[in-house]
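Per-entry structural report
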Amino acid sequence: MPLLDAATLTETAYAKVNLALHVRERRTDGYHALESLFVFATDGDRLSGCPDVGNEISLTLDGPFGAALGAGADNLVVNAAKKLQGHLGEKRGARLKLTKNLPVASGIGGGSADAAAALRLLNRLWDAQLPRAELERIGLELGSDVPACVSSVTQMVRGRGEVLEPCHIDGLSGIPMLLVNPGVGVSTASVFSRWDRVDRGPLTASTLEALIVDARNDLEEAAIGAAPVIADVIALLREQSGVRLARMSGSGATCFALFDTWDSRAAAARHISAQQPGWWSLETEIGGA
C-alpha cells in the first residue's frame, strides 16, 4: 500500500522567526514572561497526511534533516496528532509524512511549526472544524511556540506563548530574508541557564525602524556563550550590503537578516555560502499577515 493516497492533504510548517525577543520577569509558574514579535517565512517543512483504516497514527520522515528526528511518540507531530485525536474522541487514524527541510533545535520553531501543521491538517482530514482558538489552546499543551504557529501570521506573543496579538507593521510583509544556521544545535534550556536574569524592559513593535533601533534578542549573548559561532554568523550577516537588520532568532542558533532588495539578499547568500560552505541557509521572505 502506498504511504499516501488520493485523499492526501498537505500543510506547510512555516519557519518562525523572532524579529525581537525580550525576556521579562519570572512568573509564579516557573516560566519567564516573554515578549516577542513572531514573523513567518514563506518556506518551511512540509507535512502530508491521509486517513488510515485503523485508529493508529503513523509517521515517516524524509528531507534534508529527516534523519535527525525519530518518528515515535516523542515526535511533536505524533504527539500533536494523538492529542487532537484524544480531544475529539476520534476513532480514525492517519498516515503522516514529514519532509524536514529546516534544521532541528535551531530557533526557528521547526518542531512547533510541525506540531501546528499537524493540528491544522488533521482538523481538516477528520472534518473536525475546530476554530483556530481551540487549536491554539491544544497547541499550548505541546509547547510555548505552537499556538502562534497555528495561524503563522505576524503577531506579538506574550506570556509563555498564550497571549497572541495580531500585529501589522507597514512594509514588513514581503521583505527579503536570509536565514543562516552554522550547523550547531542549541538547547533552549542551556541558553536560559546562561541568561543573566536582567529585565531590560518591554518590547515596542510599532514600526520596523523601532524594531531595528530599540528592540533586541535578550537570549543572544547567552546563546553565544553556549555556541560562540553564533557571533560569527551575526557578524557576517551584518557585513553584507543592503542589510537592514541582522539578529539571532529565538534561542538560536539560526540567525536572520532582512534586506532592502532581492538582489542584495541573493548576493549575500552567495557570499556566505562561498565563505562558509558547511553552513545551512535559506533565501526566503516574510509572509503576509
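These remarks concern the structure in this document.

Bringing the overall build of the chain into the picture now. A tally of regular secondary structure across the chain gives 9 helices and 10 strands. In terms of overall dimensions, the chain is globule-like: its C-alpha atoms have a radius of gyration of 19 Å, near the 19 Å expected for 289 residues. Across the 289 residues of the chain, 53% fall into the buried class. Across the chain, the fraction of contacts at a sequence separation of at least 24, relative to all contacts at a separation of at least 6, is 75%. Surface summary for the chain: the accessible area is close to 12,200 Å², and the carbon and sulfur share equals 49%. One way to put it: in the chain the 27 positive side-chain charges average out to a point 3 Å from where the 34 negative ones average out.

A few words now on the sheet that holds strand S7 (residues 176-181). Ordered by their spatial adjacency, 4 strands build an open sheet running S8-S9-S7-S10, and the pairing between neighbours is antiparallel. Looking at which strands have only one partner, the edges of the open sheet turn out to be strand S8 (243-248) and strand S10 (280-285). Geometrically, the sheet is characterised by an average inter-axis angle of 15° between neighbouring strands, direction not taken into account. Across the sheet, helix H9 (residues 262-275) touches S7, strand S9 (255-259) and S10, and the angle it forms with S7 is around 15°.

Attention now moves to the packing of aromatic side chains. With the rule as written, the count across this model stands at 1 aromatic pair. Above the face of the Phe 38 ring, Lys 16 is positioned so that its terminal group lies 5.3 Å from the ring centre.

Applying the stated criterion to the full structure yields 17 salt bridges. Residue Glu 11 is joined to Arg 120 by a salt bridge in which the shortest nitrogen-to-oxygen separation is 3.0 Å. Pair noted here: Glu 11 is in strand S1 (residues 9-26) and Arg 120 is in helix H2 (residues 110-125), with a separation of 109 residues, a long-range link. Accessibility assignment for this pair places Glu 11 and Arg 120 in one class, buried. Note that Asp 199 and Arg 24 form a salt bridge whose closest N and O atoms lie 2.6 Å from each other. Placement of the pair is Asp 199 in the loop between helix H5 (188-194) and helix H6 (208-213) and Arg 24 in strand S1, with a sequence separation of 175 residues.

Cut-offs applied
Residues numbered from 1 in each chain as written. Predicted model: local features only at pLDDT ≥ 70, side-chain atom pairs only at ≥ 80, totals over all residues. Heavy atoms only, no water. Helix = DSSP H or I, 4+ residues; strand = E, 2+ residues; numbered from the N terminus. Rg over C-alpha atoms; globule rule 2.2 N^0.38 Å. Buried < 20%, exposed > 50% of the residue type's maximum accessible area, 1.4 Å probe, protein only. Contact = heavy atoms within 4.5 Å. Areas by Shrake-Rupley, 256 points an atom, 1.4 Å probe, with all protein chains shown as cover. Lys, Arg positive; Asp, Glu negative; His and termini not counted. Charge placed at Lys NZ, Arg CZ, Asp CG, Glu CD. Pairing = 2+ DSSP bridges. Axes fitted to C-alpha atoms, helices over the stretch in contact; angles between N-to-C directions. Phe/Tyr/Trp six-rings, centres within 6.5 Å; stacked < 30°, edge-to-face > 60°. Lys NZ or Arg CZ within 6 Å of the ring centre and 35° of its normal. Salt bridge = Lys/Arg side-chain N within 4 Å of Asp/Glu carboxyl O.

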